[in-house]
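An overview of the molecular structure
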Amino acid sequence: MSVTVRVPAKVNVQLAVGAARPDGFHDLANVFLAVGLYDEVTVTPSADGLRITCEGPDAGQVPLDRTNLAARAALLLADRYGRSADVHIHIAKDIPVAGGMAGGSADGAGALLACDTLWETDASREELLDICAELGSDVPFSLVGGAALGTGRGERLTPLETGGTFHWVFAMASRGLSTPAVFREFDRLAEGRHVPEPVASQELIAALAKGDADTLAATVTNDLQPAALSLFPELAGTLATGREAGALAALVSGSGPTTAFLVRDPESAAAVQRALAASGTCRSVRTASGPAPGATVTGR
Ligand SMILES: C[C@](O)(CO)[C@H](O)COP(=O)(O)OP(=O)(O)OC[C@H]1O[C@@H](n2ccc(N)nc2=O)[C@H](O)[C@@H]1O
Ligand SMILES: Nc1ncnc2c1ncn2[C@@H]1O[C@H](COP(=O)(O)OP(=O)(O)OP(=O)(O)O)[C@@H](O)[C@H]1O
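Residues numbered from 1 in each chain as written. Chains lettered and ligands numbered in written order. Predicted model: local features only at pLDDT ≥ 70, side-chain atom pairs only at ≥ 80, totals over all residues. Heavy atoms only, no water.

The chain appears in an unreviewed UniProt entry as 4-diphosphocytidyl-2-C-methyl-D-erythritol kinase from Streptomyces calvus. Recorded in UniProt under Sequence similarities (unreviewed entry), the annotation for the chain is "Belongs to the GHMP kinase family. IspE subfamily." Per UniProt, the chain carries the Pathway (unreviewed entry) text "Isoprenoid biosynthesis; isopentenyl diphosphate biosynthesis via DXP pathway; isopentenyl diphosphate from 1-deoxy-D-xylulose 5-phosphate: step 3/6." (UniProt positions renumbered as here; feature names shortened; annotations may be inferred.)

Considerations on helix H3 (residues 125-135)
Considered for burial, the residues of H3 that qualify are Leu 128, Ile 131, Cys 132, Ala 133 and Leu 135. Looking at the buried positions of H3, the neighbouring elements they touch are helix H1 (69-81), helix H2 (103-119) and helix H4 (139-144). (Buried < 20%, exposed > 50% of the residue type's maximum accessible area, 1.4 Å probe, protein only. Helix = DSSP H or I, 4+ residues; strand = E, 2+ residues; numbered from the N terminus. Contact = heavy atoms within 4.5 Å.)

Let's talk about the UniProt feature "binding site: ATP" (unreviewed entry) in the chain
Following the UniProt record, one finds the feature "binding site: ATP" (unreviewed entry) at Pro 96, Val 97, Ala 98, Gly 99, Gly 100, Met 101, Ala 102, Gly 103, Gly 104, Ser 105 and Ala 106. Looking only at the residues we just named, the largest pocket is lined by Pro 96, Val 97, Ala 98, Gly 99, Gly 100, Met 101, Ala 102, Gly 103, Gly 104 and Ser 105. Looking at the element boundaries, Met 101 is found in the loop between strand E4 (87-92) and H2. Of note, Ala 106 is situated in helix H2. (1 Å grid on protein atoms, 1.4 Å probe; cavity = no way out; pocket = protein on both sides within 12 Å on 5 of 7 lines; lining within 4 Å.)

Brief notes about the site of ligand 2
By nearness alone, 21 residues border ligand 2, and Ala 98, Gly 100, Gly 104, Asp 107 and Asp 138 come closest of all. Contact distances for ligand 2 include 3.4 Å between an oxygen atom and a backbone N or O atom of Gly 99. In isolation ligand 2 has 610 Å² of accessible area, and contact with the protein removes 78% of it. Counting atoms within 2 Å of the grid points, the majority share of ligand 2 lands in the largest pocket. In terms of residues, the shell around ligand 2 owes the most to one element, H2, which gives four residues. Of the residues that constitute the shell around ligand 2, the class distribution is eight nonpolar, nine polar and four charged. (Near = heavy atom within 4 Å. Polar contact = N/O pair within 3.5 Å; in protein donor to acceptor, adjacent residues only side chain to side chain. Areas by Shrake-Rupley, 256 points an atom, 1.4 Å probe, with all protein chains shown as cover. Sits in = over half its atoms within 2 Å of the grid points. Nonpolar A, V, L, I, M, F, W, Y, C, P; charged D, E, K, R; others polar.)

Observations concerning the environment of Ala 200
Along the chain, Ala 200 falls in the loop between helix H5 (179-190) and helix H6 (202-210). Residue Ala 200 is classed as buried on the basis of its relative accessible area, which comes to 16%. Considered as a pair, Ala 200 and Leu 28 are 172 residues apart in the sequence and their alpha carbons are 8.9 Å apart. Each residue touching Ala 200, except ones within four places of it in the same chain, is listed here: Gln 14, Ala 29, Leu 149 and Ile 205.

As for the UniProt feature "domain: GHMP kinase N-terminal" (unreviewed entry) in the chain
Per the UniProt record, the feature "domain: GHMP kinase N-terminal" (unreviewed entry) sits at residues 68-146. Regarding residues 68-146, the helix share stands at 59% and the strand share at 8%, and the terminal C-alpha atoms are separated by 25 Å.

Some thoughts on the site of ligand 1
Within the structure, ligand 1 sits among 18 residues, and Asn 12, His 26, Ser 137, Asp 138 and Arg 153 are positioned closest to it. One of the side-chain N or O atoms of Asn 12 is found 2.9 Å from an oxygen atom in ligand 1. Take Gly 24: an N or O atom from its main chain is 3.4 Å from an oxygen atom of ligand 1. Mapping ligand 1 onto the cavity grids shows that it belongs to the largest pocket. When contributions to the shell around ligand 1 are tallied by element, the ones reaching two or more residues are strand E1 (3-20), strand E2 (26-45) and H5. Of all the elements, E2 adds the most residues to the shell around ligand 1, at four residues. Residue-level mapping places the shell around ligand 1 at the junction of two domains, with at least three residues from each of domain 1 (3-160) and domain 2 (166-290). (Domains from an automatic or database assignment.)

If you want it as structure tokens, here you go:
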């Protein structure tokens, strides 16, 4: 028997970042929106121990050892519930790797839900969310999807209402950016300055609830964007190209380097996609809309 789980990517429509904490993490006001780009994680009992395989355009960049978040999820769940982690985990990867769209986190949440279903652990939602938080700050959101405000290091979630569909274009960059390196650059750029407590924008939350793309476009912010641009200056050209092609808003997705363009409708998405593809400023371009559901069992 196998279990397959589909898990979405995310874009951060607000990412307010506080000062570095003593543990090295940063407090956030992190407004997540799940979007319809998916990884699929399939787990099957295995006679030769824990094994990982991966297919997809970025598969070569995905670690196939126990550092893979999907493997770590299986091991943590097996340890807590006294099961054997002898499973074959296959990842069909469509979310860009090291792109700031929570691809690894998606696989962690997907493997957790798939193993939980396979092993019939009866773990509660809270217990699963707890394991997700142990795996990484973005992993709980990958499990729940939709839209949510993440506080603490982003792992404490409050679901948010969405009153419509938001259309996006994503431009994948020619190389990745390391999330810790972008946070370190944020700290370097903030040196000698007061960093305010991160606060969620009520105007932005209301725009999500109303499905109002114009107000959302006027209120999206990403405090990591200057740091991502400092490490990857070419991204400024990609952002400008999308804006000129009619995007309502252009921003770096999370820690980058994927850039995200909020557009009014699928026609505008196609025009922005064409302009970005023709510009030569990115590796590939995708369209997707949100909110998308969180990790979902699609086959067993
Ligand atoms: C940039 C975002 O993707 C926005 O959603 C997340 O904040 C990053 O989440 P993630 O990739 O799940 O990150 P984690 O695996 O928890 O942490 C990786 C590293 O990112 C930095 N990190 C992450 C989250 C956070 N609130 N503060 C941090 O400083 C730390 O250096 C940490 O060692
Ligand atoms: N299942 C996985 N898929 C992709 N990368 C993984 C996975 N597990 C571990 N990694 C490691 O994590 C690193 C970051 O990859 P990932 O795709 O999660 O980045 P990201 O999307 O920028 O993350 P986030 O948006 O959560 O900060 C990779 O370079 C890789 O070494």
